[in-house]
Amino acid sequence: MQLELYMLKIYRKREERMNNEVECCETVEIHKDLVKIVEEKMPPEEQLYDLAELFKVFGDSTRIRILFVLFEAEVCVCDLAQTLNMTQSAISHQLKILKQNKLVKNRREGKSIFYSLADDHVRTIINQGLEHILED
C-alpha cells in the first residue's frame, strides 16, 4: 500500500514537471566568468559517466526494494525472495548488479550467503532521494 502511494506521488510529480514550460533567455549573452568557474569545477568526463551509471542502478524499483529490505537487516537470498515475492533467480540477478556497483556486500555462513548494505552511503543516497520526491 505504501509503495503504491509512493509510486502515485512519483507519477504526479513527473506530470507536473512535464506540464511546466522551460523558460529560456530572450537574448544570447555568455557570462564568461561563470562559465570559467563551472569548467574548472566540472569533474572529468569519465567520473561523470561513472556517476550516471551508478544512478542508473537506482532506476530499477526491484533493486530499490532490495535495498529497503537491507536497510532493516542482513538477509539471505531466500529471505529476500520470500519478502519481495520473487524467485531466487530474479533476486540473485539484481544482487549481482548491486554488488558490481559496490552497493551491497555479502558473506557466507554455512550454505547460506547473507547480503547487507555495502556502507552508509547507500542509505544516505536513498534517503535523500526519498526526501526529495516527498517535498511539496
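Structure report, in brief. (Residues numbered from 1 in each chain as written. Predicted model: local features only at pLDDT ≥ 70, side-chain atom pairs only at ≥ 80, totals over all residues. Heavy atoms only, no water.)

1. A short note on the packing of aromatic side chains
In total, this model carries 2 aromatic pairs according to the counting rule given. Measuring from centroid to centroid gives 6.1 Å for Phe55 and Phe58, while their planes differ by 50 degrees, and the two rings are tilted. The exposure class of Phe58 is buried, given its relative accessible area of 13%. Geometrically, the ring pair formed by Phe68 and Phe71 is tilted, given 5.0 Å between the ring centres and 55 degrees between the ring planes. Taken together, the residues Phe68 and Phe71, both in helix 4 (residues 61-72) and 3 residues apart, mark about one turn of the helix. Note on Phe68: relative accessible area 34%, which makes it partly exposed. You can call Phe71 buried: its relative accessible area is 11%. The ring of Phe71 carries Arg123 above its face, with NZ or CZ at 4.7 Å from the centroid. (Phe/Tyr/Trp six-rings, centres within 6.5 Å; stacked < 30°, edge-to-face > 60°. Buried < 20%, exposed > 50% of the residue type's maximum accessible area, 1.4 Å probe, protein only. Helix = DSSP H or I, 4+ residues; strand = E, 2+ residues; numbered from the N terminus. Lys NZ or Arg CZ within 6 Å of the ring centre and 35° of its normal.)

2. Comments concerning a nonpolar patch on the surface
A grouping of Val28, Ile30 and Val35 is seen on the molecular surface, where their side chains present a nonpolar patch of about 320 Å² in accessible area. Take Val35: it is sitting in helix 2 (residues 32-41). (Patch = residues over 30% accessible without salt bridge, like charges linked within 9 Å, V, L, I, M, F, W, Y side chains within 5 Å. Areas by Shrake-Rupley, 256 points an atom, 1.4 Å probe, with all protein chains shown as cover. Salt bridge = Lys/Arg side-chain N within 4 Å of Asp/Glu carboxyl O.)

3. Comments concerning the sheet that holds strand 1 (residues 75-76)
The strand order across the open sheet formed by 3 strands is 1-3-2, and the pairing between neighbours is antiparallel. Edge strands, defined here as strands with exactly one partner in the open sheet, are strand 1 and strand 2 (104-109). Across the sheet, helix 4 touches strand 1, strand 2 and strand 3 (112-117), and the angle it forms with strand 3 is around 90 degrees. (Pairing = 2+ DSSP bridges. Contact = heavy atoms within 4.5 Å. Axes fitted to C-alpha atoms, helices over the stretch in contact; angles between N-to-C directions.)

4. Some points on the pairing of strand 3
Across 2 bridges, strand 1 lies against strand 3 in antiparallel orientation. Bridge pairing in strand 3 places Cys76 opposite Phe114. Bridge count between strand 2 and strand 3: 6 bridges; the pairing is antiparallel. Within strand 3, the position partnered with Glu109 by the bridge is Ser112.

5. A closer look at unusual backbone geometry
Most peptide bonds take the trans configuration, and most residues that are not glycine carry a negative phi. With a phi angle near 55 degrees, Asn85 is a residue other than glycine that sits in the positive phi range. With respect to the helices and strands, the residue Asn85 is situated in the loop between helix 5 (77-84) and helix 6 (88-100). On the basis of relative accessibility, which here comes to 72%, the residue Asn85 falls in the exposed class. A positive phi angle, close to 60 degrees, is found at Lys102, a residue other than glycine. Mapped onto the elements of the fold, Lys102 is located in the loop between helix 6 and strand 2.

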